[in-house]
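Chain and residue survey
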Amino acid sequence: MTIKSLSLTAVLALGATVAQAEEVRVYNWSDYIDEDLLTKFEEETGIDLIYDVFDSNEVLETKMLAGGSGYDVVVPSGSFLQRQISAGAFQKLDMARLPNHVNMWDVVEKRTAQYDPDNAYSINYMWGTTGIGVNLGKVKEALGEDAPIDSWSLVFDPTNMEKLADCGVHFLDAPGEMIPAALKYIGENPDSHDPDVIAKAEAVYMAVRPYIQKFHSSEYINALANGDICVAVGWSGDVLQARDRAAEAENGVEIAYHAPKEGAQMWFDQMAIPVDAPNPDAAHKFLNFIMDPQNMAAASNYVYYANGNKASQEFLVEDVIGDPAIYPDAATLENLFTTTPYPAKVQRVVTRLWTKIKSGT
Ligand code: N2P
């Protein structure tokens, strides 16, 4: 996980012919793995793992479209992956080098094939939903026992937001998820690519904008856990990690997550190898390591996200496999929607609108 530096004496002792240690560079979402797995990978393979993190598909996409990122493995969400595949950003996986691929789950692969036909370029790492995390005590204090914690109205109805503003509300800085959520709230198609429909999200946001403390996609885990904020529009597993951190701190903060009843977005984060990856061989080794059922289960047990590995399920703790917020039952599944990539022109409309919403002017 780190670059180990040798002392000058050690280098001299090794002599000039020593081969440079093999490296693999992985770029994954923050708070998305049990770090013991990173050490385990290095121990098992002897490959140095350089592990960097991000919290935004847009940031990753800029690197992928520019090329020369220097990464061997990256993890875009499905709709972003699809656009990046079309742009030629990834190389096809060599299945012969991925024997653990047999462990993958056909149910998830059918869904991810929507973005990556035949799953030729990617494997599913985790999947989850975009919803609402609340500090139960504080939200009930502000809105009463009947606070609509399972509804988008909690965060899009200005009457609620006005009362929540004092205890702190964070929204994700993720236009590809936040615009669809607002459209769903007003009964529009969340996957609309029609600029006139997308424009309707502006009024929804402007009405609550004064009460949003921050747009950020990773700070909310600790902010929720510490009781610094009372509501976060965030990702399922991240909110559940906040719940755990609060419980561990025994600070009296009780966190809950809901995929709003009006409908919530379901997304799939896919591991892929950039076309110009410096070490595609080690990238395949990393993917194969991740697809080991026990490794995949260890990751899910730690981050509270579902994964696309069927064989891992017997190693999942009940808190994960038995929680419909993580592994949705049929009723929950019915309320989840997916989105498709915006064409470039529409993407520009969305980006402009999001900048306007964030600046609040
Ligand atoms: C990890 C969040 C990943 C989910 N912290 C976003 N696709």
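The structure this text deals with has already been given above.
From a predicted model like this one, the values you see are computed outputs, not experimental measurements.

1. Overview of the pattern of salt bridges
In a structure, side chains of opposite charge can pair up when their charged atoms sit close to one another. Across all of its chains, the model carries eleven salt bridges by this definition. A salt bridge links Lys-358 to Asp-173, with the nearest nitrogen and oxygen atoms 3.0 Å apart. Taken as a pair, Lys-358 in helix 18 (residues 344–359) and Asp-173 in the loop between strand 5 (169–171) and helix 9 (175–185) lie far apart in primary sequence, 185 residues in all. Judged by its relative accessible area of 29%, Lys-358 is partly exposed. According to the relative accessible area criterion, Asp-173 is partly exposed, its value standing at 24%. Asp-281 is paired through a salt bridge with Lys-285; the nearest N and O atoms lie 3.2 Å apart. Remark: Lys-285 and Asp-281 occur in helix 14 (residues 280–290); sequence separation between them is four residues, near one turn of the helix. For Lys-285, a relative accessible area of 37% gives the class partly exposed. One connected set of salt bridges, linked through shared partners, spans Asp-94, Arg-97, Asp-281 and Lys-285.

2. Points about the site of the ligand
Around the ligand, the neighbouring residues are Trp-29, Ser-30, Asp-31, Tyr-32, Ser-77, Trp-235, Asp-238, Trp-267, Asp-269 and Tyr-305. Taken by itself the ligand offers 260 Å² of open surface, and the protein chains cover 99% of this. Counting atoms within 2 Å of the grid points, the majority share of the ligand lands in the second largest cavity. Split by residue class, the shell around the ligand holds five nonpolar, two polar and three charged.

How each quantity is defined
Residues numbered from 1 in each chain as written. Predicted model: local features only at pLDDT ≥ 70, side-chain atom pairs only at ≥ 80, totals over all residues. Heavy atoms only, no water. Salt bridge = Lys/Arg side-chain N within 4 Å of Asp/Glu carboxyl O. Helix = DSSP H or I, 4+ residues; strand = E, 2+ residues; numbered from the N terminus. Buried < 20%, exposed > 50% of the residue type's maximum accessible area, 1.4 Å probe, protein only. Near = heavy atom within 4 Å. Areas by Shrake-Rupley, 256 points an atom, 1.4 Å probe, with all protein chains shown as cover. 1 Å grid on protein atoms, 1.4 Å probe; cavity = no way out; pocket = protein on both sides within 12 Å on 5 of 7 lines; lining within 4 Å. Sits in = over half its atoms within 2 Å of the grid points. Nonpolar A, V, L, I, M, F, W, Y, C, P; charged D, E, K, R; others polar.

Purely spatial values, then, with no claim about function.
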